[in-house]
Amino acid sequence: QLLGVVGIVLGNVLGFSNLPAILDARRQGSLGNKNALVFPFLCVNCVSWCMYSVAKKDVYMFGGNVFVALMGLFYTTSSLGLMNCPQERLKLEGLLLLLLLIVAFV
């Protein structure tokens, strides 16, 4: 149980590590040189782990991923709002949709 709690804490710390950079980008109104393509992967990866944890009835695995999945979604939607290039925005939207569809059908 102790290792499960440690896993939850470490997973959430890692997931929240991008928060200061995203909040700063939102204040500035620009992503700058940040690569937003990693955020959909973060979101969908954690969503898939949440689905697996529900199937395995593992609360520790779920706890380590559910908030990070929400943060990944927050990072992605924040990035979409800050993108100036329509092609890059479309690429990010398409990537998120594709990844979510793959997870939904697995």
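Anyway, here's the lowdown on the structure attached to this text. (Residues numbered from 1 in each chain as written. Predicted model: local features only at pLDDT ≥ 70, side-chain atom pairs only at ≥ 80, totals over all residues. Heavy atoms only, no water.)

1. Considerations on the nonpolar core
By size, the foremost hydrophobic cluster in this structure holds 11 residues: Ile22, Ala25, Leu31, Ala36, Phe39, Met71, Tyr75, Leu80, Leu82, Met83 and Leu92. Only helix 2 (19-28) and helix 4 (59-82) provide two or more residues apiece to this core. Per element, the largest residue contribution to this core is four residues, and it comes from helix 4. Other than its neighbours up to four places away in sequence, leucine 31 contacts Ala25, Ala36, Ser79, Leu82 and Met83. With five residues, the next largest nonpolar core counts Val44, Leu95, Leu96 and Val103 among its residues. (Core = buried A, V, L, I, M, F, W, Y, C linked by side-chain atoms within 4.5 Å. Buried < 20%, exposed > 50% of the residue type's maximum accessible area, 1.4 Å probe, protein only. Helix = DSSP H or I, 4+ residues; strand = E, 2+ residues; numbered from the N terminus. Contact = heavy atoms within 4.5 Å.)

2. As for the environment of glycine 94
Of note, glycine 94 is situated in helix 5 (residues 86-105). Look at glycine 94 and you get partly exposed, because its relative accessible area is 34%. In sequence terms glycine 94 and proline 40 are 54 residues apart; their C-alpha atoms lie 9.9 Å from each other.

3. Side note on the packing of helix 1 (residues 2-15) against helix 4
Running from amino to carboxyl end, helix 1 crosses helix 4 at an angle of 10°, the nearest separation of the two axes being 8 Å. Here helix 4 runs roughly parallel to helix 1, going by the angle between their axes. Of the residues in helix 4, those touching helix 1 at Gly4, Val5, Ile8, Gly11, Asn12 and Gly15 are Val59, Tyr60, Gly63, Gly64, Phe67, Val68, Met71 and Tyr75. Here the residues of the contact of helix 1 with helix 4 sort into eight nonpolar, six polar and no charged. (Axes fitted to C-alpha atoms, helices over the stretch in contact; angles between N-to-C directions. Parallel < 35°, antiparallel > 145°, perpendicular 65-115°, else oblique. Nonpolar A, V, L, I, M, F, W, Y, C, P; charged D, E, K, R; others polar.)

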